[in-house]
Protein chains: 2
Amino acid sequence: MKKFLNDPVNFVDEMLEGIYGAHRELTYVADDKRCMVTAKPKAGKVGIATGGGSGHLPLFLGYVGDGMLDGAAVGGVFQSPSAEQMYQVTKHIDQGAGVLYIYGNYSGDIINFDMAAELADLDGIQVKQVVGNDDVASSVVGEEHKRRGVAGIFFVYKAAGAAAAEGLSLDEVMRIADKARSRTRTMGVALSSCVVPEIGHATFSIGEDEMEIGMGIHGEPGISRKKLAPADQVIDEMMERIFAEQDYKQGNDVAVLVNGLGGTPMEELYILFRRVAQLLDARGVKAKHVWVGEFATSMEMAGASISVLHLDEELDRLVSAPANTPFFKHFAS
Amino acid sequence: MKKFLNDPVNFVDEMLEGIYGAHRELTYVADDKRCMVTAKPKAGKVGIATGGGSGHLPLFLGYVGDGMLDGAAVGGVFQSPSAEQMYQVTKHIDQGAGVLYIYGNYSGDIINFDMAAELADLDGIQVKQVVGNDDVASSVVGEEHKRRGVAGIFFVYKAAGAAAAEGLSLDEVMRIADKARSRTRTMGVALSSCVVPEIGHATFSIGEDEMEIGMGIHGEPGISRKKLAPADQVIDEMMERIFAEQDYKQGNDVAVLVNGLGGTPMEELYILFRRVAQLLDARGVKAKHVWVGEFATSMEMAGASISVLHLDEELDRLVSAPANTPFFKHFAS
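Residues numbered from 1 in each chain as written. Chains lettered and ligands numbered in written order. Predicted model: local features only at pLDDT ≥ 70, side-chain atom pairs only at ≥ 80, totals over all residues. Heavy atoms only, no water.

### Observations regarding the domain arrangement of chain A
Residue and element names in this part refer to chain A.
Here comes step 1: Segmenting chain A into domains produces domain 1 (8–182) and domain 2 (184–330).
Here comes step 2: For domain 1 and domain 2, the distance between their C-alpha centroids amounts to 21 Å.
Here comes step 3: On the side of domain 2, 49 residues touch domain 1, which itself brings 45 residues to the contact.
Here comes step 4: Around 4,000 Å² of area is buried between domain 1 and domain 2 when both sides are counted, 65% of it from carbon and sulfur atoms.
Here comes step 5: Linking domain 1 to domain 2 there are five salt bridges. (Domains from an automatic or database assignment. Contact = heavy atoms within 4.5 Å. Buried area = accessible area lost by both parts, 1.4 Å probe. Salt bridge = Lys/Arg side-chain N within 4 Å of Asp/Glu carboxyl O.)

### Details of the pattern of salt bridges
Here comes step 1: Within the structure shown, the criterion is met by 52 salt bridges over all chains.
Here comes step 2: Ionic pairing is found between A:Asp316 and A:Lys288, a salt bridge with its closest N-O pair at 2.6 Å. Pair noted here: A:Asp316 is in helix α8 (residues 313–320) and A:Lys288 is in strand β11 (residues 286–293), with a separation of 28 residues, a long-range link.
Here comes step 3: Salt-bridge contacts for B:Arg225 lead to B:Glu212; the nearest nitrogen and oxygen are separated by 2.7 Å. One end of the pair, B:Arg225, is in strand β9 (residues 224–227); the other, B:Glu212, is in strand β8 (residues 210–213), and 13 residues separate them in sequence.
Here comes step 4: On the basis of relative accessible area, B:Glu212 is assigned to the buried category, the value being 7%. (Helix = DSSP H or I, 4+ residues; strand = E, 2+ residues; numbered from the N terminus. Buried < 20%, exposed > 50% of the residue type's maximum accessible area, 1.4 Å probe, protein only.)

### Details of the packing of aromatic side chains
Here comes step 1: Within this structure, the stated rule accounts for 29 aromatic pairs over all chains.
Here comes step 2: With centroids separated by 5.5 Å and ring planes inclined at 40°, the aromatic side chains of A:Phe327 and B:Tyr270 adopt a geometry described as tilted. Of this pair, A:Phe327 sits in the loop between β13 (323–324) and β14 (329–330) while B:Tyr270 is found in helix α7 (residues 266–282), placing the two residues in two different chains.
Here comes step 3: A:Phe327 gets classed as buried once you look at its relative accessible area, which sits at 17%. (Phe/Tyr/Trp six-rings, centres within 6.5 Å; stacked < 30°, edge-to-face > 60°.)

### Quick look at the environment of A:Glu198
Residues and elements named next belong to chain A.
Here comes step 1: With respect to the helices and strands, Glu 198 occurs in the loop between β7 (184–190) and β8 (210–213).
Here comes step 2: Between the alpha carbons of Glu 198 and Met 36 there is a distance of 23 Å; along the sequence they are 162 residues apart.
Here comes step 3: In this structure Glu 198 touches Pro 8 and Val 9, once residues within four positions along its chain are discounted.

### Some words on helix α4 (residues 153–165) of chain A
Residue and element names in this part refer to chain A.
Here comes step 1: The first and last C-alpha atoms of α4 sit 18 Å apart over 13 residues, in line with the 18 Å expected at 1.5 Å per residue.
Here comes step 2: The buried fraction of α4 amounts to twelve of the 13 residues, a majority that puts the element mostly inside the structure.
Here comes step 3: Residues Ile 153, Phe 154, Phe 155, Val 156, Tyr 157, Lys 158, Ala 159, Ala 160, Gly 161, Ala 162, Ala 163 and Ala 164 constitute the buried set of α4.
Here comes step 4: Gly 167 occupies a position one or two residues after α4 and carries a positive phi of about 90°. (Expected span 1.5 Å × (residues − 1).)

### Comments concerning the UniProt feature "domain: DhaK" (unreviewed entry) in chain A
Here comes step 1: UniProt marks residues 7–328 of chain A with the feature "domain: DhaK" (unreviewed entry), using the numbering shown here.
Here comes step 2: The span residues 7–328 of chain A is 32% helix and 23% strand, and its two end C-alpha atoms sit 29 Å from each other. (UniProt positions renumbered as here; feature names shortened; annotations may be inferred.)

### Section: the interface of chain A and chain B
Here comes step 1: Each partner contributes to the interface: chain A provides 59 residues, whereas chain B provides 58 residues.
Here comes step 2: For the chain A and chain B pair, buried surface summed over both sides reaches about 5,000 Å², with 64% attributable to carbon and sulfur atoms.
Here comes step 3: Counting every contact that joins chain A to chain B gives six salt bridges.
Here comes step 4: Across the pair B:Glu17 and A:Arg274 runs a salt bridge whose closest N-O atoms are separated by 3.1 Å.
Here comes step 5: Of all the elements in the fold, those that place two or more residues in the side of chain A that touches chain B are α1 (11–22), α6 (231–243), α7 (266–282), β11, β12 (303–310), β13 and β14 of chain A.
Here comes step 6: For the side of chain A that touches chain B, the element with the highest residue contribution is α7(A), accounting for nine residues.
Here comes step 7: Among the residues making up the side of chain A that touches chain B, the classes are represented as 30 nonpolar, 15 polar and 14 charged. (Nonpolar A, V, L, I, M, F, W, Y, C, P; charged D, E, K, R; others polar.)

What follows is the structure in structure tokens.
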């Protein structure tokens, strides 16, 4: 295992110490570093919280900040935070306007977030939930509720965060989050495994000339393993599945996220985007907003995902709004 | 070779197509995508240009934008751009106030930038140069002029870019760039090699349990190869060399850049920063500005570097100023 590590048992806690040291605009509650909240709460605003396993930076806690989220609870590597941790975050970020949970569709997270919402309800805090399920590869059309949440949740955070910053109500912020969720699709491809620090070896093995299309961000099996193809062919196959999901018409606008899974250089991500742009152009669809970089990783996994958000006027406005978090900054566009 | 690629010969040009497609605020001159300039020039401002080999994103062209640079010429992977390319960028970004070149201390770059400056001089464009040499490991104290430029050049761009944005003269911008250069030190450590696409195999080999301290960002030999140590020990060794370079007194402020070389996950970079912060604290030195992420990479190389800028009041002000480039955004702090 080739990592910068001390005792693997302390991986998450030492990472969190580093994050709090580097980013003073973040703090934590309940004397638990895994219960992160913004140090600059906004009175009266709907609170937005997320959470999930560690090992996916910038997910989840990297989006806590202006114009995005108010709090995040994180667990061990690839492990859900507890209901108690989510509840502590919820109590702290509620400003009287209620709290929206936005998180990915994983059974451990769902159980704990549901329980946290119940605990908050006993305190009179109104909680609503939107569960990200953008990963096209993880279930067929008609069974979207079985799909995993992956990098496309970034668009849900961005739209809902901007809506909350505009002062919209919990119902409105939830409506917008749900719309962004329902119009986002992601396809991923992995070239190598990650290594969970406490385990110390690769989560799965994959041949030196192989790729796995549709693999999840914890190494969940994808839909096909085959010989690594030229970049354009990989994108053609991924985008064909994304195009089949929504009625993208000539003249439509989309936002595109090209996400590196951790070990893939930025140069390659731009080579992938080049082909995405060609395919969108060919359909007369405009990539109005484009982000390329690492947004939801799997530690050192080599690979990438493409997320497409089918914009409407409202989502266009909200995605363009400024945001300032430790891991994601955007000037009004 | 496990990369998202089409024909390796087109690696740089396809990457550039992707970058121009994603970032409309960038454009190019001389009908050559490798001659990048900002699409939003500011009348009367001192122009700042950089350049160097491809394969280091966000270096070099990723810092072209508001509050940073006005242009960049890039060569093939790890190859200098030509004098003609640098000259074309220079001609375009000169707004009558002259142009400052800021680039790293590599012989190919020096030859080509010198020649570009001579060509510009024939056109009556005043050009000055600051050559980054922050890499402590590449030569001893007293022979700093032999040192390579690595990730610490980010601080030189940031300070000089803010100075030019304030409307300072070429002499002043150069003075500030040179001050930032002279007060910046970097130490790096590599865990794995990169693969140059057209070559197709690792640039160097390194054992599964080894690290190389002081390795350059093209795989230049470092100062010691040894068994991979716990993260804190690695940082202790690196910071000891940085501390020995400048007179950091109790109460001094520094800016810290923890830079991933490409393949190292962000989680590990924060574990490294945690220890840097502890060592600074122990000396009563404050990490007033901290950036953690990928700033100067070597494609998929696993490894990291630590850069420390010894602040004074002027550098503090300039480093805090806003910047908005495709790869680096900073709200006024």
